[in-house]
Amino acid sequence: MTNTIKQLAIVSGKGGTGKTSIAASFAKLAKQRIVVDCDVDASNMPLVLPHTIIEEIPFLGEKKAVISQDRCRGCGDCVIYCRFNAIKDFYVVEPVLCEGCAVCTMMCPYEAIDMVDNQSGTVVISQSDDQPFLFAKMGVGQGNSGKLVSELREKAKSIAEEDNYNLIIIDGPPGIGCPVISSITGVSHVLIVTEPTLSGMHDLERIIQLTKHFRINASVCINKSTISSDNIEKIKEICSKFDIAVIGTIPLDMDFVKAQIAGKTIVEYPNSVASQAIKSLWERISQLLNL
Ligand code: SF4
Ligand code: SF4
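Since the model is a prediction, treat every value here as computed from it, not as a measurement.

(A) Main features of the overall build of the protein. Helix and strand counts for the protein come out as 10 helices and 13 strands. Each principal axis of the C-alpha atoms in the protein carries an extent, and together these give about 70 × 40 × 40 Å. Across the 291 residues that make up the protein, the buried fraction comes to 50%. Nonlocal contacts in the protein, meaning residues at least 24 apart in sequence, comprise 75% of its contacts between residues at least 6 apart. Carbon and sulfur atoms make up 51% of the accessible area of the protein, which totals about 14,200 Å². Computed over 28 positive and 33 negative side-chain charges, the separation of the two mean positions in the protein equals 4 Å.

(B) Local environment of the environment of G146. Looking at the element boundaries, G146 is found in helix α5 (residues 145-163). In sequence terms G146 and E99 are 47 residues apart; their C-alpha atoms lie 15 Å from each other. The contacts of G146, once residues within four sequence positions are left out, are C178, P179 and S182.

(C) The arrangement of the packing of helix α7 (residues 198-213) against helix α8 (residues 229-241) in detail. Viewed as axis vectors pointing N to C, α7 and α8 meet at an angle of 15 degrees, and their least axial separation amounts to 11 Å. What the angle tells us is that α7 and α8 run roughly parallel. Both α7 and α8 take part in a crossing whose hand is right-handed. Between α7 and α8, the residues in contact are M201, L204, E205 and I208 and N231, K234, I235, I238, C239 and K241, respectively. Class assignment for the residues of the contact of α7 with α8 results in 6 nonpolar, 1 polar and 3 charged.

(D) Examining the site of ligand 2 more closely. Around ligand 2 lies a shell formed by A65, C82, F84, A86, I87, C98, E99, G100, C101, A102, C104 and M115. Among the residues forming the shell around ligand 2, the class breakdown is 10 nonpolar, 1 polar and 1 charged.

(E) Summary view of the nonpolar core. Counting residues in hydrophobic clusters, the biggest one holds 42 residues, and the most contacted among them are I34, V190, I192, L204 and I208. Take this core: its biggest share by element is 6 residues, from α5. Leave out the neighbours within four places in its chain, and I34 touches P132, L134, A156, I159, A160, Y165, L167, I168 and I169. Ranked by size, the runner-up nonpolar core spans 32 residues in total, among them M45, L191, I247 and I266.

(F) Local environment of the side chain of T211. Mapped onto the elements of the fold, T211 is located in helix α7. Ignoring any residue separated from it by four or fewer positions in sequence, one finds T211 in contact with I184, V190, I192, I216 and A218.

(G) A nonpolar patch on the surface, seen in detail. Together, I80, Y81, V103, M106 and M107 make up a nonpolar patch on the protein surface, roughly 500 Å² of accessible area in all. Going through the elements one at a time, α3 (77-81) and α4 (103-107) are the ones with two or more residues in the nonpolar patch. Ranked by residues supplied to the nonpolar patch, first place goes to α4 with 3 residues. Looking at the secondary structure, you find M106 in helix α4.

(H) Structural detail: the sheet that holds strand β1 (residues 6-12). Here we have 9 strands laid out as an open sheet, ordered β3-β8-β9-β2-β10-β1-β11-β12-β13, and mixed in their pairing. Taken across any chain shown, the strands that pair with only one partner, and hence form the sheet edges, are β3 (52-60) and β13 (245-250). For this sheet, the mean angle separating the axes of adjacent strands, direction not counted, is 20 degrees. Each of β1, β2 (34-37), β3, β8 (119-128), β9 (131-138) and β10 (167-174) is contacted by α5, which is oriented at about 165 degrees to β9, the strand it contacts most.

(I) Here's a closer look at the pattern of salt bridges. The final tally for this structure, using the stated rule, is 11 salt bridges. K28 is the partner of D129 in a salt bridge, and the nearest nitrogen-oxygen pair spans 3.0 Å. Here the residue D129 occupies a position in the loop between β8 and β9, and K28 occupies one in helix α1 (residues 19-29), the gap between them amounting to 101 residues. The partner of K63 in a salt bridge is D117, and the shortest N-O contact between them spans 3.5 Å. With K63 in the loop between β3 and β4 (64-67) and D117 in the loop between β7 (113-116) and β8, this pair connects stretches of sequence that are 54 residues apart. One continuous salt-bridge network, built from bridges that share partners, spans K14, E195 and K224.

Rules behind the numbers
Residues numbered from 1 in each chain as written. Chains lettered and ligands numbered in written order. Predicted model: local features only at pLDDT ≥ 70, side-chain atom pairs only at ≥ 80, totals over all residues. Heavy atoms only, no water. Helix = DSSP H or I, 4+ residues; strand = E, 2+ residues; numbered from the N terminus. Buried < 20%, exposed > 50% of the residue type's maximum accessible area, 1.4 Å probe, protein only. Contact = heavy atoms within 4.5 Å. Areas by Shrake-Rupley, 256 points an atom, 1.4 Å probe, with all protein chains shown as cover. Lys, Arg positive; Asp, Glu negative; His and termini not counted. Charge placed at Lys NZ, Arg CZ, Asp CG, Glu CD. Axes fitted to C-alpha atoms, helices over the stretch in contact; angles between N-to-C directions. Parallel < 35°, antiparallel > 145°, perpendicular 65-115°, else oblique. Left-handed = near helix turned anticlockwise from the far one by under 90°. Nonpolar A, V, L, I, M, F, W, Y, C, P; charged D, E, K, R; others polar. Near = heavy atom within 4 Å. Core = buried A, V, L, I, M, F, W, Y, C linked by side-chain atoms within 4.5 Å. Patch = residues over 30% accessible without salt bridge, like charges linked within 9 Å, V, L, I, M, F, W, Y side chains within 5 Å. Salt bridge = Lys/Arg side-chain N within 4 Å of Asp/Glu carboxyl O. Pairing = 2+ DSSP bridges.

Worth remembering: the numbers are spatial, not functional.
What follows is the structure, encoded as structure tokens:
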């Protein structure tokens, strides 16, 4: 029988809202799950989830141009046509600048340029609390974050199908760009983490609009809720305008900082008020997902 896999993505319109701390706490609270850190450009979850690496798989991004020094006649045409200024002195391609457009290969009169595979990152499969934890290492200056996110999610899905996991928890990147879209496409539910600040509210509208555009079920959680009661009301107004529920508030709690310094999740501090709020939030999410 086919296993029904629920996918929960935790996102925020901006960085610094506490999204990863909440996602890592969910990973601790869920009985049976796969967790995926899709913030491939700045992966932080491995810092708070102790893990053992099982496998590292090279991720091939876009191809890059390589000039054969044997075949090159030094005519300079490639330098003229490369609009990214990626070809340097003595006709060597600077891989970080090469965008993989392949124009130079078409313009070289001596067929001296090849497009070759380029490892732009690594998919890491690990175990945390004896359950799968996937994350990625993106190479410096490499693009294709969205494709790497899709690769991570595909891998997680195949592990879930093989090993009968019914929940994938996704820690999405901040913002509303391509990697975020890759992180939320096709998920069962998106939890948007916001905070009662001006930038938090501005970015909240943008990420809600994104979930509406893709017709994905979403709800909102307000972290650091004790910062401003006025702004809490404004967040509720925004959510009501978009017909989206606020399903949790988490007070500002210095135990968050203690947990980060110790490389732990906040739910490992059971007496903290934030920990209790996250546990209630998890119960609500479990009901929504019918876990
Ligand atoms: S266009 Fe071809 S032959 Fe001319 S400099 Fe570039 S690589 Fe060399
Ligand atoms: S592939 Fe495009 S970006 Fe790269 S060196 Fe050739 S022309 Fe420049």
